[in-house]
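Survey of secondary and tertiary structure
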Amino acid sequence: MDTNDYTDDELKDSPLLKNMSRENPFKVPDGYFESFPTIITERITSQRSKPAWIIFLKNVFQPKYVVAMLVFAAALTSGVVYFNQHPAATDREIILSYDDLNNSNYIAQFDESDLIDAYLSGANADKSNESNTEIENYLLDNQTDISIIENEL
Amino acid sequence: MTEYSDSELLRQFRNENTRNYAFNLIVRKYQQKLYYHIRKIVIDHDDAHDVSQNTFVKAWKGLDNFREDSQLYTWLYRIATNESLTFLKQKKTKFLIPLGDVEYELAANLSSDTNFSGDKMMMKLQKAILTLPEKQRIVFNMKYFDNIKYEEMSKILDTSVGALKASFHHAVKKIEKYLTED
């Protein structure tokens, strides 16, 4: 590293700083730098001797993540408890009253003709079966010739 | 002890048989420079000790991927600077210290630091330096105390030479003002 003293040029407008001692004022305990390399070697060795999964868990479960994990776990637990107590409604359980339908905004989106068709097909299904049986009985009772009906049609 | 060149140390580091020995030599070669660089940023000795350890552990992990496009000390200084800034950021969040108050706390630590040997004027200068924004503080220290060239500083801090010169100039003005105010 270059240690040529050229900072003085930068300090020509600041005589106070230019004339001050630039000695390092920070000290360390005695023997600090003699023991420091050993500390580093020990740290590296201890990290290398740990299985990868321990290092992974240690990295994941850092104190800074603990709060986030607890919040997530609490949210998950309350979600599970809530949905167990309030199971989702199935189609069969959806019962709408007349007032519900009447007040619903969706009712306006239906085509009236579809509603009429749906009603008639449902309502007439039983009726038509009923009336067909009556007609058949009438034709059998009166021994009507089917060819006459065919001619009429 | 023979002081090897950086390229020789790196060559030995890449050899599995001499890897640990080479890294130990790298630590011995750069520990003081890096420690004092870190110390000027975090002020407290214990904090500087922790950050220095983290710096070398990171260097150990990353040295395999280090390509000699840059110089080793530039790369180490960069790790040390980043680790120091990360440490200060964590300190702010951990102790819920308002952003501007960390420097206030560092100045308070300085006053009670038994490992500080400067006279009254040096103490005042250090407190003046602590009023600077973090990056400006680092630039000032690197230039004023370590006399690092702007070109080298530029590689370490990933900032243009022009911006560094301006930063130093502003820092000098602010410090001069602080020192002459009372």
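Described in the following lines is the structure provided in the data block. (Residues numbered from 1 in each chain as written. Chains lettered and ligands numbered in written order. Predicted model: local features only at pLDDT ≥ 70, side-chain atom pairs only at ≥ 80, totals over all residues.)

**Digging into unusual backbone geometry**
All names here are of chain B. The backbone of Ile 43 sits at a positive phi, close to 70°, despite the residue not being glycine. At Asn 147, a residue that is not glycine, the phi angle is positive and equals roughly 55°. Take Asn 147: it is sitting in the loop between helix H7 (134-144) and helix H8 (150-157). (Helix = DSSP H or I, 4+ residues; strand = E, 2+ residues; numbered from the N terminus.)

**A closer look at the packing of helix H1 (residues 6-14) of chain B against helix H2 (residues 19-42) of chain B**
Residues and elements named next belong to chain B. Two numbers describe how H1 lies on H2: the axes approach to 7 Å, and their chain directions differ by 150°. Regarding the angle of H1 to H2, the classification is roughly antiparallel. For H1 against H2, the interelement crossing comes out left-handed. Each of Leu 9, Gln 12 and Phe 13 in H1 lies in contact with H2, whose residues at this interface are Arg 19, Tyr 21, Ala 22, Phe 23, Leu 25 and Ile 26. (Axes fitted to C-alpha atoms, helices over the stretch in contact; angles between N-to-C directions. Parallel < 35°, antiparallel > 145°, perpendicular 65-115°, else oblique. Left-handed = near helix turned anticlockwise from the far one by under 90°. Contact = placed C-beta atoms within 7 Å.)

**Thoughts on the interface of chain B and chain A**
Chain B puts 33 residues into the contact, and the matching count from chain A is 26 residues. Classifying every residue of the side of chain B that touches chain A by side-chain character gives 17 nonpolar, 11 polar and five charged. (Nonpolar A, V, L, I, M, F, W, Y, C, P; charged D, E, K, R; others polar.)

**Description of helix H9 (residues 161-181) of chain B**
All names here are of chain B. The end-to-end C-alpha distance of H9 is 30 Å, a good match for the 30 Å that 21 residues give at a rise of 1.5 Å each. Within the span of H9, buried status applies to Leu 164, Ser 167, Phe 168, Ala 171, Val 172 and Ile 175. Take H9 and look down its axis: the buried residues cluster within an arc of 140°, on one side only. Residues of H9 that are exposed and point over 90 degrees away from its buried face: Gly 162, Lys 173, Lys 177, Thr 180 and Glu 181. (Expected span 1.5 Å × (residues − 1). Buried ≥ 20, exposed ≤ 12 C-beta atoms within 10 Å, placed from the backbone. Arc of directions from axis to C-beta.)

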